[in-house]
Amino acid sequence: MNVDAKTRPALKLPQHRDLFYGGKWVAARGGAQQECFAPGTGESLGLVAVGGADDMAAAIEAAHAAFPAWRDTP
């Protein structure tokens, strides 16, 4: 469904569009970005980070490092 731009509410986009791991926002290590579009309108939502294998490895390492601190959290 295509909604008229005058009648639809303003989009509230996230401020951060990078990757999140290790408790912080980080740019993709390869610097890759991709434009993201609203499926209902086709409107551009801006660029978002695209992670690669190096980012995945860093996120897994951060998860392993954090595990002892949160494993017993109810």
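In what follows, the accompanying structure is described. Note that the structure is a prediction, hence the values are computed from the model and not measured.

**Remarks on the nonpolar core**
Turning to step 1, where the next piece is worked out: Ranked by size, the top nonpolar core spans seven residues in total: Leu-19, Tyr-21, Val-26, Ala-28, Ala-49, Ala-58 and Ala-62.
Turning to step 2, where the next piece is worked out: Excluding residues within four positions of it along the chain, Leu-19 makes contact with Lys-24, Trp-25, Val-26, Ala-28, Ala-49, Gly-51 and Asp-55.

**Looking at the packing of aromatic side chains**
Turning to step 1, where the next piece is worked out: Under the criterion given, the structure shown has two aromatic pairs.
Turning to step 2, where the next piece is worked out: Aromatic side chains Phe-67 and Trp-70 sit 5.2 Å apart centroid to centroid with 90° between the ring planes, which places their arrangement in the edge-to-face category. One end of the pair, Phe-67, and the other, Trp-70, are both in helix H1 (residues 53–70), three residues apart, so they sit about a helical turn from each other.
Turning to step 3, where the next piece is worked out: Of the residues examined, Trp-70 reaches a relative accessible area of 46% and is grouped as partly exposed.

**Considerations on the environment of Met-56**
Turning to step 1, where the next piece is worked out: Relative to the helices and strands, Met-56 resides in helix H1.
Turning to step 2, where the next piece is worked out: The spatial distance from the C-alpha of Met-56 to the C-alpha of Cys-36 is 20 Å, given a sequence separation of 20 residues.

**Considerations on H1**
Turning to step 1, where the next piece is worked out: Over its 18 residues, H1 runs 25 Å from end to end, which matches the ideal 26 Å to within 8%, given 1.5 Å per residue.
Turning to step 2, where the next piece is worked out: Three or more residues of H1 are buried, namely Asp-55, Ala-58 and Ala-62.
Turning to step 3, where the next piece is worked out: At its buried positions, H1 is contacted by strand S1 (19–21).

**A look at the pairing of strand S3 (residues 33–37)**
Turning to step 1, where the next piece is worked out: The pairing of S3 with strand S4 (residues 44–49) spans five bridges and is antiparallel. Counted as the bridge partner of Gln-33 is Ala-49 from S4.
Turning to step 2, where the next piece is worked out: In sequence, S3 turns back onto S4 through a hairpin of six residues, with Gly-42 there showing a positive phi of about 80°.

Calculation rules
Residues numbered from 1 in each chain as written. Predicted model: local features only at pLDDT ≥ 70, side-chain atom pairs only at ≥ 80, totals over all residues. Heavy atoms only, no water. Core = buried A, V, L, I, M, F, W, Y, C linked by side-chain atoms within 4.5 Å. Buried < 20%, exposed > 50% of the residue type's maximum accessible area, 1.4 Å probe, protein only. Contact = heavy atoms within 4.5 Å. Phe/Tyr/Trp six-rings, centres within 6.5 Å; stacked < 30°, edge-to-face > 60°. Helix = DSSP H or I, 4+ residues; strand = E, 2+ residues; numbered from the N terminus. Expected span 1.5 Å × (residues − 1). Pairing = 2+ DSSP bridges.

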